[in-house]
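Coordinates in review
Here is what each chain is made of, one letter per residue.
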Amino acid sequence: MKLFQKNQREIIPAKLHPALYMVMSFLFPMLLMFLALSWLKVTPFGDKTLIIADANGLYINYSAYVGRLVKGLEGFVYSFQKGLGGNMMPHMGITMLNPFTAVFAFFQISDFPLAFTLDSVLNLSFCGLTMYLLLADIYGHKRSNLIFSTAYAMNGFLIANVFQIEIGRAVQQECRDR
């Protein structure tokens, strides 16, 4: 009996299990986002926040409404939180049908900057996962799909919608400090 045969399979497989590729396509953008957030000292790693511009005026208010809705404190169709009261159905398609908006139900209003950051990171991570699933469906499960799915999740358009102006301010400040 020979211990090492020529036809014996490799100890380390050339291809990983498809589920592992999917997990990595979700975790790579998350890791990159958390590294960027820590470098920029954004919540939860610092005192800066991603809540600026439209996020402050619209998204946070709608997210707070969804949080109250999940807790059973608001009605699904009509809310008295909208001025003197108003129909909330038109706003459903804008932001509130995003399943990650329910994250806000588990946070106090004072912790909304952290909830907004987690919501943004989860959205970008799932962008990476869904792009990987598309690429895997077209080309099969490959390591190169991880690179392209992570690149898609971290592309400028998506990051600009998350970071908005904050990243530009942080880079300008960093350049001035040098």
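In this text, all values refer to a predicted model and were calculated from it rather than measured experimentally. (Residues numbered from 1 in each chain as written. Predicted model: local features only at pLDDT ≥ 70, side-chain atom pairs only at ≥ 80, totals over all residues. Heavy atoms only, no water.)

Attention now moves to the overall build of the chain. Within the chain one finds 7 helices and 2 strands. Along its sequence from the N terminus, the chain presents helices and strands in the succession α-α-β-β-α-α-α-α-α. Within the chain, the fraction of its 178 residues that count as buried is 35%. Of the contacts made within the chain by residues no fewer than 6 positions apart, 61% connect residues no fewer than 24 positions apart. (Helix = DSSP H or I, 4+ residues; strand = E, 2+ residues; numbered from the N terminus. Buried < 20%, exposed > 50% of the residue type's maximum accessible area, 1.4 Å probe, protein only. Contact = heavy atoms within 4.5 Å.)

Per the stated rule, a full pass over the model turns up 4 aromatic pairs. Plain terms: the ring middles of Phe 26 and Phe 126 are 4.8 Å apart, the flat faces sit at 70° to each other, and that makes the pair edge-to-face. With Phe 26 in helix 1 (residues 18-40) and Phe 126 in helix 4 (residues 112-139), this pair connects stretches of sequence that are 100 residues apart. Of the residues examined, Phe 26 reaches a relative accessible area of 17% and is grouped as buried. (Phe/Tyr/Trp six-rings, centres within 6.5 Å; stacked < 30°, edge-to-face > 60°.)

The next point concerns the nonpolar core. Core analysis: the biggest nonpolar cluster contains 21 residues, and Ile 60, Phe 104, Phe 112 and Phe 116 have the highest contact counts within it. Listed by contribution, the elements that provide at least two residues to this core are helix 1, helix 2 (54-70) and helix 4. Broken down by element, this core gets its largest block of residues, 6 residues, from helix 4. Those residues in contact with Phe 104 that lie beyond four places of it in its chain are Tyr 59, Ile 60, Ser 63, Gly 67, Phe 112, Ala 115, Phe 116 and Asp 119. (Core = buried A, V, L, I, M, F, W, Y, C linked by side-chain atoms within 4.5 Å.)

Before going further, it helps to spend a moment on the packing of helix 1 against helix 5 (residues 143-153). Packing of helix 1 against helix 5 brings their axes to within 9 Å, and their N-to-C directions diverge by 35°. The two elements helix 1 and helix 5 cross, and the hand of that crossing is right-handed. Each of Tyr 21, Met 24, Ser 25, Phe 28, Pro 29 and Leu 32 in helix 1 lies in contact with helix 5, whose residues at this interface are Arg 143, Leu 146, Ser 149, Thr 150 and Ala 153. Looking at the contact of helix 1 with helix 5, its residues break down into 7 nonpolar, 3 polar and 1 charged. (Axes fitted to C-alpha atoms, helices over the stretch in contact; angles between N-to-C directions. Left-handed = near helix turned anticlockwise from the far one by under 90°. Nonpolar A, V, L, I, M, F, W, Y, C, P; charged D, E, K, R; others polar.)

In this section: the environment of Gly 128. In this structure, Gly 128 sits in helix 4. Once you skip the residues sitting within four places of it in the chain, Gly 128 turns out to touch Ser 25, Pro 29, Ser 149 and Ala 153.

Below, the discussion takes up the confidence of the model for the chain. With 66% of its residues at a pLDDT of at least 70, the chain reaches an overall mean of 77. Within the model, pLDDT remains below 50 along residues 1-5, and this stretch shows 1 contact once partners closer than five positions in the same chain are excluded. (pLDDT = per-residue confidence, 0-100.)

Moving on: the environment of Leu 69. The topology assignment puts Leu 69 in helix 2. The partly exposed category is assigned to Leu 69, whose relative accessible area is 21%. Along the primary structure Leu 69 and Ala 105 are separated by 36 residues, whereas in three dimensions their C-alpha atoms are 8.2 Å apart.

Further remarks concern the packing of helix 4 against helix 5. At a minimum axis separation of 8 Å, helix 4 and helix 5 run at an interaxial angle of 140°. If you check the angle between helix 4 and helix 5, you find them oblique. Between helix 4 and helix 5 lies a crossing of right-handed hand. Along the contact surface, helix 4 presents Leu 124, Cys 127, Gly 128, Met 131, Tyr 132, Leu 135, Ala 136 and Tyr 139, while helix 5 presents Asn 145, Leu 146, Phe 148, Ser 149, Tyr 152 and Ala 153. Split by residue class, the contact of helix 4 with helix 5 holds 11 nonpolar, 3 polar and no charged. (Parallel < 35°, antiparallel > 145°, perpendicular 65-115°, else oblique.)

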